[in-house]
There are 2 protein chains.
Amino acid sequence: MNLKFQKTQLVNALSIVMKAVSTKTASVILESILINATDNRVVLDATDNELSIQTEVDAIIVEEGGVVLNAKLFSEIVRKFEDNESLIELDVDKDFKTTVKCEQAVFNIMGIDPVEFIPMPNIKRDDSIKMSQFSLKEVIRQTEFSTAISDINRMMGGELIDVKDNVAKFVTLDGHRMSIRNINLIGEYEDHRCVVPVKSLQEIMRIIGSDTQKNVNIYFSKDHILFEFDRTLVLSRILDGEFFRIESMLSRDYDTKVTVSRLKFQSAIEQSMILIRENEHKPMILDIENGMLKISVNSSLGFMDTKVNIEKSGSDLKIAFNPKFVVDALKVIDDDFVDIYFTNAKSPCFIRDNENTYTYLILPVNFIG
Amino acid sequence: MNLKFQKTQLVNALSIVMKAVSTKTASVILESILINATDNRVVLDATDNELSIQTEVDAIIVEEGGVVLNAKLFSEIVRKFEDNESLIELDVDKDFKTTVKCEQAVFNIMGIDPVEFIPMPNIKRDDSIKMSQFSLKEVIRQTEFSTAISDINRMMGGELIDVKDNVAKFVTLDGHRMSIRNINLIGEYEDHRCVVPVKSLQEIMRIIGSDTQKNVNIYFSKDHILFEFDRTLVLSRILDGEFFRIESMLSRDYDTKVTVSRLKFQSAIEQSMILIRENEHKPMILDIENGMLKISVNSSLGFMDTKVNIEKSGSDLKIAFNPKFVVDALKVIDDDFVDIYFTNAKSPCFIRDNENTYTYLILPVNFIG
């Protein structure tokens, strides 16, 4: 095989597939990338067994072929070439001895036969849903945080994608809180439902663009979900089993409704968090009265309180939360003002908008006083 | 005590004294700062026993007094106040109960009696040397890297400051290499010589400005060195004992002189380092011939070579180095071209300029071939 690359294009493609390269593994293959040049296309491939990424890169194909190279080593060699304009030449002989050349510098490293590589499973690409790259990136960011790595319940490390009546619902929950985002799809789609490891979605969030004009096609199969965008395919395994019955956790009844400036509330909570040491589990207490929300913390470090103006309807209420859970939700909402719905000090609160774009459920914690 | 601060001024002063606050200590005092308001001045103080920093901050003094507060906690409270314009009020009662207020937020934390604090030793400030803040910051950056933490030889963790004939010489060495920088002082000064823990100088480098118009006064005493700049005093213990006899290591004889583009050489060495795993100790080999310097590495990961144009006088030479040591020196030199002087494959090389501003000595390593 003999290929010639432009540095920026190769660096770009490598940074995409590197997201599926394992760093801590005993397997040489999972630390590697496959470079394949056939049918006038050069394709890079990487997999960590759960996530597989394939991307196409422009290159001059002098001789077709393939090789598997250590991903980190090859990527460092390419990045360190000084000149962005000169072509990078990749030459692989029949024993997979590999030479990487650019200007004066010549690197000789050992490659592996492509037959050793685990190929990406073939997914039928006929029935997809479509959304903009921007929407997918945003919806992952707005939900990925309320997950937990749990051996007891693996579903807490997954994200439900539920397509129904042309709405895609994304849901995560970790036992203390739940995040729900709904995206209205443009077009008519069949219903689909699967749970994707949140780690896979986080990697997609990192490589996908923020373009509202470019689309992602999402394909569903029995064991996998496939994302197709630009010249890239990302394939993830899905989690076996049923997701939580979330409908039973949701309620539209409430006794207290508060409308508050999102940034002012967030800033007040962040102040209260200063006095909470990581392992102390001290709650933040909210005192909801007409016109005013008092936020206070009392811990081994001292005590503090602060106030934020609110609009309130319904009863006064005193309720306590883990402040981090409230801040996490406020951070990923775009609205300047948020509506928060409470029932009583033992029941979850809901931060949600009227358009049903988002619902964040947060369980309160016990407190004395 | 009752004081009122502007947020940015207080944050600024705190970030300066925080450099002398210990993070891993069983001592409450070493994790704290002293705030003292007397004689119409508000002064912040911190010490980790080796390094002490004192800085003055503007404040409205409603009532004089003093308190010792946990540095990290107080600094976080101040930083998290939302409004940069509103004044921050610090109120301390006779039992050192401390209230920090800004706008709606009120924090109550426990302070400590200032008599518990270790005061900064009093150093006679009559005989100083003077240099610009820029010069001091630069000279530390250009020498601090060739030091080592060694129980066997503590001097390797120190930096010699040797003032003689109105030249300040700064020297560090770690057993493999030595860095020397000379600064011509403006003015007439007595000779001084001491060894400062490099950690102290690194902290000074982080808090000092880059202003060529502002000066630092440096005072020497039997056990301490004191740096005075802006409204800040930094006092460091000095190391007991004699520094290495560096004169005997220096030689102006050479058999080979090479002139090379600093950035091209640096970039070629950085390429060669890709193939060197941290614990493999593989050398970089330099082949010096007329007009051309070949750089090569042969390791378990593969082999590479590259070339850089040079001007050479004297004999051809093959010599090996730890590439990191060469790159570290090249990185802190400002010249576009550097002169490197060699004797033979067993003797140190010297990177130095004609004006005697800098000398970097690097020992070669053995190699086979």
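Definitions and cut-offs
Sequence order as written defines the numbering, with residues in each chain counted from 1. Chains carry letters and ligands carry numbers; both start at the beginning, A for chains and 1 for ligands, and go up in the order they are written. Only residues with pLDDT of at least 70 are given local features in this predicted model, and only at 80 or more are side-chain atom pairs given and counted; all residues enter the totals for whole chains, interfaces and linings. Only heavy atoms go into the side-chain values, all of them from the structure, while hydrogens and water stay out. UniProt positions are given in the numbering used here, feature names are shortened, and annotations may be inferred rather than shown by experiment. All domain edges in this entry derive from an automatic or database-based domain assignment. Contacts were defined at the residue level, with two residues in contact if any of their heavy atoms lie within 4.5 Å. Note on definitions: buried area is the accessible-area loss of two parts on being combined, 1.4 Å probe, summed for both. When a carboxyl oxygen of Asp or Glu lies within 4 Å of a side-chain nitrogen of Lys or Arg, that pair is called a salt bridge. Between N or O atoms, a polar contact is any pair within 3.5 Å; within protein, one atom must be a potential hydrogen donor and the other a potential acceptor, and residues adjacent in sequence are included only when both atoms are from side chains. Secondary structure elements are defined from DSSP: runs of H or I of at least 4 residues count as helices, runs of E of at least 2 residues count as strands, and each element is numbered from the N terminus. Here the nonpolar group is Ala, Val, Leu, Ile, Met, Phe, Trp, Tyr, Cys and Pro; Asp, Glu, Lys and Arg are the charged ones; every other residue, Gly included, is treated as polar. Residue burial is assigned from relative accessible area. The probe radius is 1.4 Å, only protein chains are included, and a residue is buried under 20% of its type maximum, exposed over 50%, and partly exposed in between. In this analysis an axis means a line fitted to C-alpha atoms, helices contributing only their contacting stretch, and an angle means the value between N-to-C directions, from 0 to 180 degrees. Oblique is the label for any angle not under 35 degrees, not over 145, and not in the 65 to 115 range, which are roughly parallel, roughly antiparallel and roughly perpendicular in turn. Each crossing is labelled by how the near helix is turned from the far one, with a counterclockwise turn of less than a right angle marking it left-handed and a clockwise turn marking it right-handed. Each copy is superposed on the other by least squares, with the fit set by C-alpha atoms of residues at a pLDDT of at least 70 in both. Note on pairing: DSSP must find at least two bridges between two strands before they are called paired.

Chain A is annotated in an unreviewed UniProt entry as Beta sliding clamp from Lachnoanaerobaculum saburreum F0468. The Subunit (unreviewed entry) field of the UniProt record for chain A holds the comment "Forms a ring-shaped head-to-tail homodimer around DNA." Under the UniProt heading Sequence similarities (unreviewed entry), the entry covering chain A gives this text: "Belongs to the beta sliding clamp family."

S.K.: Would you take a moment to explain the domain arrangement of chain A for this structure?
M.R.: Reports of interface size often rely on the accessible area that becomes lost once the parts have come together. Residues and elements named next belong to chain A. According to the domain assignment, chain A consists of domain 1 (2-116), domain 2 (128-247) and domain 3 (250-362). A separation of 29 Å is found between the C-alpha centroids of domain 1 and domain 2. With 14 residues of domain 1 in contact, the opposing surface of domain 2 contributes 13 residues. Interface of domain 1 and domain 2: buried area, both sides summed, is about 1200 Å²; carbon and sulfur atoms make up 48% of it. For domain 1, the biggest contributors to the area lost against domain 2 are K19, E50 and L51; these three give 44% of the whole. The interface formed by domain 1 and domain 2 includes 3 salt bridges. For the salt bridge of D48 with K199, the shortest nitrogen-to-oxygen distance reads 3.5 Å.

S.K.: It is not clear to me how the interface of chain B and chain A should be interpreted in this structure. Could you clarify?
M.R.: Contacts between the two partners involve 25 residues from chain B and, on the opposite side, 25 residues from chain A. Here chain B packs against chain A, burying approximately 2400 Å² in sum over the two surfaces, 57% of which is carbon and sulfur. The largest per-residue losses of area from chain B upon contact with chain A belong to B:K80, B:F107 and B:I274, which jointly make up 24% of the total buried on that side. Counting the contacts that link chain B with chain A gives 0 salt bridges. On the surface where chain B and chain A come into contact, there are 9 residue pairs in polar contact (both at pLDDT 80 or more). Elements with a contribution of two residues or more to the side of chain B that touches chain A: α2 (71-80), β9 (105-110), α5 (262-273) and β21 (302-314) of chain B. Split by residue class, the side of chain B that touches chain A holds 12 nonpolar, 6 polar and 7 charged.

S.K.: Sorry if this is basic, but what is going on with the pattern of salt bridges here?
M.R.: Residue and element names in this part refer to chain A. Scanning the model with the defined rule gives 33 salt bridges over all chains in all. The partner of R206 in a salt bridge is E203, with the nearest N and O atoms 3.4 Å apart. Here R206 pairs with E203, and both are found in helix α4 (residues 198-207), just 3 residues apart, close to one helical turn. Judged by relative accessible area, E203 falls into the buried class, the value being 12%. The shortest N-O distance in the salt bridge between K222 and D223 comes to 3.5 Å.

S.K.: Just to check I follow, could you spell out the packing of helix α3 (residues 133-141) of chain B against helix α4 (residues 198-207) of chain B for this structure?
M.R.: Each pair of packed helices can be summarised by the angle the axes make with each other and by the distance between the axes. Residue and element names in this part refer to chain B. Running from N to C, α3 and α4 cross one another at 135°; their axes reach a closest spacing of 9 Å. Our classification of the angle between α3 and α4 gives oblique. The handedness of the crossing between α3 and α4 comes out as left-handed. Of the residues in α4, those touching α3 at L136, K137, I140 and R141 are L201, Q202, I204 and M205. Of the residues contributing to the contact of α3 with α4, the split by class is 5 nonpolar, 1 polar and 2 charged.

S.K.: Even after reading the chapter, I still don't get the relation of the copies chain B and chain A, so can you show me in this structure?
M.R.: Applying a rotation about an axis and a shift along it to one chain copy brings it onto the other copy. Rotating chain B by 180° and translating it 0.0 Å along the rotation axis places it on chain A, where the RMSD comes to 0.0 Å. Put plainly, the chains are arranged around a two-fold axis. Every residue of chain B has its C-alpha some distance from the rotation axis, and the shortest such distance is that of B:K24, at 15 Å. When the interface residues of chain B are mapped onto chain A, 100% of them again lie at the interface, so the same face is used by both copies.

S.K.: Before we go on, may I ask you to explain the UniProt feature "domain: DNA polymerase III beta sliding clamp N-terminal" (unreviewed entry) in chain A in this structure?
M.R.: The UniProt record annotates "domain: DNA polymerase III beta sliding clamp N-terminal" (unreviewed entry) at residues 1-117 of chain A. When the span residues 1-117 of chain A is considered, its composition is 18% helix and 46% strand, and the gap between its end C-alpha atoms is 17 Å.

S.K.: Explain the sheet that holds strand β16 (residues 224-229) of chain B to me, please; I cannot follow it from the model alone.
M.R.: Sheet strands pair by backbone hydrogen bonding; their relative direction is either parallel or antiparallel. All names here are of chain B. With antiparallel pairing, 8 strands are arranged side by side in an open sheet as β6-β2-β3-β4-β17-β16-β15-β10. The open sheet terminates on both sides in strands that have one partner only, identified here as β6 (65-70) and β10 (128-132). In this sheet, adjacent strand axes meet at a mean angle of 20° when their direction is disregarded. With 6 bridges joining them, strand β2 (residues 32-38) and β6 adopt antiparallel strand pairing. Along β6, the bridge assignment pairs I33 with L69.

S.K.: Can you walk me through the sheet that holds strand β10 (residues 128-132) of chain A in this structure?
M.R.: Residues and elements named next belong to chain A. If you walk across this open sheet you meet the 8 strands as β6-β2-β3-β4-β17-β16-β15-β10, and the pairing is antiparallel. Edge strands, defined here as strands with exactly one partner in the open sheet, are β6 (65-70) and β10. Geometrically, the sheet is characterised by an average inter-axis angle of 20° between neighbouring strands, direction not taken into account. With 4 bridges connecting them, strand β15 (residues 215-220) and strand β16 (residues 224-229) associate as antiparallel partners. Bridged to N217 within β16 is E228. Along the sheet, helix α3 (residues 133-141) makes contact with β10, β15 and β16, crossing β10 at roughly 85°.

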